[in-house]
Amino acid sequence: MIGPDETAARHVAELAQLRAGYEARLDDAAAHAQAREQAVIDQLTAAREECAALAIRAEAAAALARERDALVKRVRELERLARPGAVAASAPTGGRLVLIDAPRAGRADGTTFPFVPDAVLGRHPDCAIPLADDFISGQHARLAWGAGAWWLVDLGTLNGTSVNGERIERPTQLRDGDMVRLGRVQARVALDPPPVSGGSGHEKQQGR
């Protein structure tokens, strides 16, 4: 027969075995829960990163859309001002291009060219403003009158056209005293003052 002490020892051993198994299952469950928690954290981190990437792409798309709209507007402006015969209804004010670096253009110092709407500046002799410089294209730039002002349009040249030291990429309004460079040729813009509205000089004399 099994004595009481042996029975008690057996119960203690069984309880210890059950406790060890229970603790092992608890450890497994805790590890599984920790792994699931880490997986959720990883998924949330990936989702935040994807949202950030989507926001960056959305901003880039919006910037491209704004740039596209600006380019479309610029192209339309170029087409309007560079089109032959595109002259505003108002009569153009007088203007002149005074060559400063004249010898490079095959001209005497101070040579002056009057502004004419749609006049082309270039190396070709048939241009309204011919400039014999090897760094100037055959048809280099065009003068345009619109919105009550004179504009200078570069005709897609390699060496470019500059106004006051800045290369122009779109129609640029000219003002009195502006410095224009085409190739190696530099010239100054001289514009007549706009007509003064109101009474004539004769009326002013009568009022004295």
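Please read all numbers here as calculations on a predicted model, not as lab measurements.

How each quantity is defined
- Residues numbered from 1 in each chain as written.
- Predicted model: local features only at pLDDT ≥ 70, side-chain atom pairs only at ≥ 80, totals over all residues.
- Heavy atoms only, no water.
- Core = buried A, V, L, I, M, F, W, Y, C linked by side-chain atoms within 4.5 Å.
- Buried < 20%, exposed > 50% of the residue type's maximum accessible area, 1.4 Å probe, protein only.
- Helix = DSSP H or I, 4+ residues; strand = E, 2+ residues; numbered from the N terminus.
- Contact = heavy atoms within 4.5 Å.
- Salt bridge = Lys/Arg side-chain N within 4 Å of Asp/Glu carboxyl O.
- Pairing = 2+ DSSP bridges.
- pLDDT = per-residue confidence, 0-100.

1. Examining the nonpolar core
Phase 1: Grouped together as the largest cluster of nonpolar side chains are 25 residues, with contacts concentrated most on L99, F115, L121, L143, L152 and L174.
Phase 2: Elements with a minimum of two residues in this core: β1 (95–99), β5 (141–146), β6 (149–154), β10 (179–182) and β11 (185–191).
Phase 3: At four residues, the largest contribution of residues to this core is made by β11.
Phase 4: Each residue touching L121, except ones within four places of it in the same chain, is listed here: L97, C127, I129, Q139, H140, A141, R142, L143, L152 and L182.

2. Notes on the pattern of salt bridges
Phase 1: Inspection of the entire model under this criterion finds five salt bridges.
Phase 2: Linking R19 and E23 is a salt bridge whose minimum nitrogen-to-oxygen distance equals 3.2 Å. Here the residue R19 and the residue E23 both occupy positions in helix α1 (residues 4–82), the gap between them amounting to four residues, near one helical turn.
Phase 3: A relative accessible area of 37% means that E23 is categorised as partly exposed.
Phase 4: Two residues, E59 and R66, come together in a salt bridge whose shortest N-O distance is 3.4 Å.

3. Quick word on the sheet that holds strand β7 (residues 161–163)
Paired through their backbone hydrogen bonds, the strands of a sheet run either parallel or antiparallel.
Phase 1: If you trace the six strands from one edge of the open sheet to the other, you get β2-β1-β11-β10-β7-β8, paired in antiparallel fashion. The sheet is open, and its two borders are formed by β2 (112–114) and β8 (166–167), each paired with just one other strand.
Phase 2: Note: β10 against β11, four bridges, orientation antiparallel. What sits directly across from L182, in β11, is V185.

4. Considering the sheet that holds β5
Phase 1: The mixed open sheet is built from five strands, whose spatial order is β4-β3-β5-β6-β9. Because the sheet does not close on itself, it has two edges, and the strands there are β4 (129–130) and β9 (172–173).
Phase 2: Where β5 and β6 come together, six bridges link them in antiparallel fashion. From the neighbouring strand, W145 faces β6, where its bridge partner is W150.

5. Here we look at the environment of A132
Phase 1: By the element assignment, A132 lies in the loop between β4 and β5.
Phase 2: Note: C-alpha distance between A132 and G106 (26 residues apart in sequence) is 5.6 Å.

6. Observations concerning the environment of G95
Phase 1: Positionally, G95 belongs in strand β1.
Phase 2: G95 sits in the buried class, given a relative accessible area of 6%.
Phase 3: With residues near it in sequence (within four places) discarded, G95 still touches F113, P114, F115, W150, A190, L191 and D192.

7. What to know about the confidence of the model for the chain
Phase 1: Averaged over all residues, the pLDDT of the chain equals 83, while 84% of them reach at least 70.
Phase 2: When mean pLDDT is taken per element in the chain, β7 scores highest with 97 and helix α2 (residues 201–207) scores lowest with 41.
Phase 3: Scored below 50 in pLDDT, residues 199–208 makes one contact in the model with residues more than four places away or belonging to other chains.

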